[in-house]
Amino acid sequence: MCYTNRTYRLLLLRIKEGIPLKYWRGYLTAAIFAAIAWALTTFAEGHRALVDMVYPYLTRLIQTTLAEWTGGVDFCLWQLLAVALGALLIASIVVMIALRWNFFQWLGWVAAAASCLWMLHTGIFGLNYYAGPLSDDIRVDTSVPGSTTDLVTTTTYFRDKANELALQIPRDADGNPDFPEFEELAAMAGNGFEDLTYRQSYSVFAGSTVPVKKLGWADMYTSMGITGFTFSLTGEAAVNPQIPAVSMPFVMCHEMAHRMCIANEADANLAGFLACAANEDITYQYSGYFMAFRYCYDSLRSLSSSTAKKAAKDIYAGVNEEFLKDMGAYNKWVNASVKPTASKVGTAVNDSYIKANGDSQGVKSYGGVTNLLVHWYVQEIYLPEHKDEEVVFDPYDKNQVDLTTDSGA
């Protein structure tokens, strides 16, 4: 305490007398790194088309190389580095106190180290937030707003697909999904992306398919509701091994999509669904349609019109027993494992990170996948199936016109 008071008094005295230039070097270094990161993001924001033409391909190569290097160990290397940096920070504090180093000077170099890491992240990954949307790369037109009817038909489609697949996946004696172990499941995640790349000719998915890793410190991440994490500086995609089995394949594909430099959360969710749907393994297919239904159903249920409310109720009534059981287990895991306080902290940090990278929606961007799923369904499923049908407008058809007096969305 005496040392702290002495340091505080000396700091006030230094401020009054003028702090020597050598004490500012760390802050100046931090400012330079921060300025470089700011200049990169400012340039990217003003030249999105140019960034989209060059940057994703370069950074995808970097992430692929990093993933190959760090894939030799089965644990998250970035977590080991985080522990090492934490130990180094504590050691520097002890040395600072023992040798009576200047606290102001020490803090400047800590800020410089943090600023350097942010600059590196921005340079090798962060500008992907300013690249073009995934919908452009997979040729899905999102220019026309989707209607409530589109959302209803899309949600119904995903329900029916999930119902069908729920009856086919392997289950244990208690009726719970009996999926392969984490490592075996992770080894299959790349199959869907390879199909999207080489059979469906979507070059945006031509990134690393090195298996995702188990996320260490799982209890902490579970309490915060974090299902996965991708660290750009090591090229590692990791998934929380404690999440429900039914969502595991989808989350693996979501994190793998991030490593392919699909930065936006809604785009990564769409990529996760597409990769699951294209995977030859039925557990992946079910996980993809399961999560797609959840996103669309939650969006439909959030609408205020009586038509949407009734449609959501009718759709839910059509969920079969196996699918319903899996949704119940998923909700039970969320309610039992996620701690409100920890979740708020995790959400706040994630929200700040996403916004700092240029996405003003923050964590709300996760739910933006619903709009993408609706447009994908209408373009890829509905229109091809109904291209020969003539649509006749009927003003008394409640599926075409909201006949209620409710003016909600």
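Because the structure is a prediction, the values reported are computed rather than measured.

About the cut-offs
- Residues numbered from 1 in each chain as written.
- Predicted model: local features only at pLDDT ≥ 70, side-chain atom pairs only at ≥ 80, totals over all residues.
- Heavy atoms only, no water.
- Helix = DSSP H or I, 4+ residues; strand = E, 2+ residues; numbered from the N terminus.
- Expected span 1.5 Å × (residues − 1).
- Buried < 20%, exposed > 50% of the residue type's maximum accessible area, 1.4 Å probe, protein only.
- Polar contact = N/O pair within 3.5 Å; in protein donor to acceptor, adjacent residues only side chain to side chain.
- Pairing = 2+ DSSP bridges.
- Contact = heavy atoms within 4.5 Å.
- Phe/Tyr/Trp six-rings, centres within 6.5 Å; stacked < 30°, edge-to-face > 60°.
- Lys NZ or Arg CZ within 6 Å of the ring centre and 35° of its normal.
- Core = buried A, V, L, I, M, F, W, Y, C linked by side-chain atoms within 4.5 Å.
- Axes fitted to C-alpha atoms, helices over the stretch in contact; angles between N-to-C directions.
- Parallel < 35°, antiparallel > 145°, perpendicular 65-115°, else oblique.
- Left-handed = near helix turned anticlockwise from the far one by under 90°.
- Nonpolar A, V, L, I, M, F, W, Y, C, P; charged D, E, K, R; others polar.

Draft legend 1. Fine view of unusual backbone geometry. The phi angle at Arg 139 is positive, at roughly 60 degrees, despite the residue not being glycine. Tracing the backbone shows Arg 139 in the loop between helix H6 (134-137) and helix H7 (148-166). The phi angle at Ser 201 is positive, at roughly 65 degrees, despite the residue not being glycine. Positionally, Ser 201 belongs in the loop between helix H9 (190-199) and strand S1 (213-214).

Draft legend 2. Spotlight on helix H12 (residues 265-278). Here H12 spans 20 Å end to end across 14 residues, near enough to the 20 Å set by a 1.5 Å rise per residue. Within H12, 13 of the 14 residues are buried, which leaves it mostly tucked inside the rest of the structure. The distance from a side-chain oxygen at the start of H12 to the backbone nitrogen of Ala 266 is 2.9 Å, and the residue carrying that oxygen is Asn 264.

Draft legend 3. Molecular detail of the pairing of strand S2 (residues 228-231). Taking every second residue as pointing to the same face, the buried face of S2 carries Gly 228 and Thr 230, while none of Phe 229 and Phe 231 on the other face is buried. Hairpin connection, S2 to strand S3 (residues 236-239): the antiparallel pair is bridged by four residues, and Gly 235 has positive phi, about 65 degrees.

Draft legend 4. Local environment of the side chain of His 375. Mapping His 375 onto the fold places it in helix H17 (residues 369-385). With residues near it in sequence (within four places) discarded, His 375 still touches Val 140, Asp 141, Thr 142, Val 144, Pro 145 and Gly 146.

Draft legend 5. Looking closely at the sheet that holds S1. Strand order in this open sheet of three strands is S1-S3-S2, and the pairing throughout is mixed. Looking along the sheet, the strands with just one partner apiece sit at the ends: S1 and S2. Strand direction decides the pairing type here: S1 and S3, joined by two bridges, are parallel. The partner of Lys 213 across the bridge, within S3, is Ala 238.

Draft legend 6. Highlighting the packing of aromatic side chains. What the rule picks out here adds up to 28 aromatic pairs. Taking 6.2 Å as the distance between ring centres and 70 degrees as the angle between the ring planes, the aromatic pair formed by Tyr 157 and Tyr 289 counts as edge-to-face. Of this pair, Tyr 157 sits in helix H7 while Tyr 289 is found in helix H13 (residues 282-302), placing the two residues 132 residues apart along the sequence. Since its relative accessible area comes to 16%, Tyr 157 is described here as buried. One aromatic cluster is present, built from ring pairs that chain together Tyr 157, Phe 158, Phe 273, Tyr 289, Trp 376, Tyr 377 and Tyr 382. Above the face of the Tyr 57 ring, Arg 60 is positioned so that its terminal group lies 5.3 Å from the ring centre.

Draft legend 7. Examining the nonpolar core more closely. Counting 71 residues, the largest nonpolar core has Phe 158, Phe 205, Met 252 and Tyr 286 as its most contacted members. At ten residues, H13 tops the list of elements feeding residues into this core. Ignoring anything within four residues of it in the chain, the contact list for Phe 158 reads Phe 273, Tyr 289, Ala 292, Phe 293, Cys 296, Leu 373 and Trp 376. In terms of nonpolar packing, the next biggest core, distinct from the first, is built from nine residues, Ala 44, Val 51, Leu 127 and Cys 261 among them.

Draft legend 8. Spotlight on the environment of Leu 89. With respect to the secondary-structure elements, Leu 89 resides in helix H4 (residues 77-99). For the pair Leu 89 and Val 110, spaced 21 residues apart in the sequence, the C-alpha separation amounts to 8.2 Å. Once residues within four sequence positions are removed from consideration, Leu 89 is found in contact with Trp 106 and Val 110.

Draft legend 9. Expanded view of the packing of helix H2 (residues 25-46) against helix H5 (residues 103-124). It is the contact of H2 with H5, at a shortest axis distance of 7 Å, that shows an interaxial angle of 20 degrees. By the angle between their axes, H2 is roughly parallel relative to H5. The interaxial crossing formed by H2 with H5 has left-handed handedness. In this structure, H2 uses Arg 25, Gly 26, Tyr 27, Thr 29, Ala 30, Phe 33, Ala 34, Ile 36, Ala 37, Leu 40 and Thr 41 to contact H5, whose residues at the interface are Phe 104, Leu 107, Gly 108, Trp 109, Ala 111, Ala 112, Ser 115, Cys 116, Trp 118, Met 119, Thr 122 and Gly 123. The class makeup of the residues in the contact of H2 with H5 is 15 nonpolar, seven polar and one charged.

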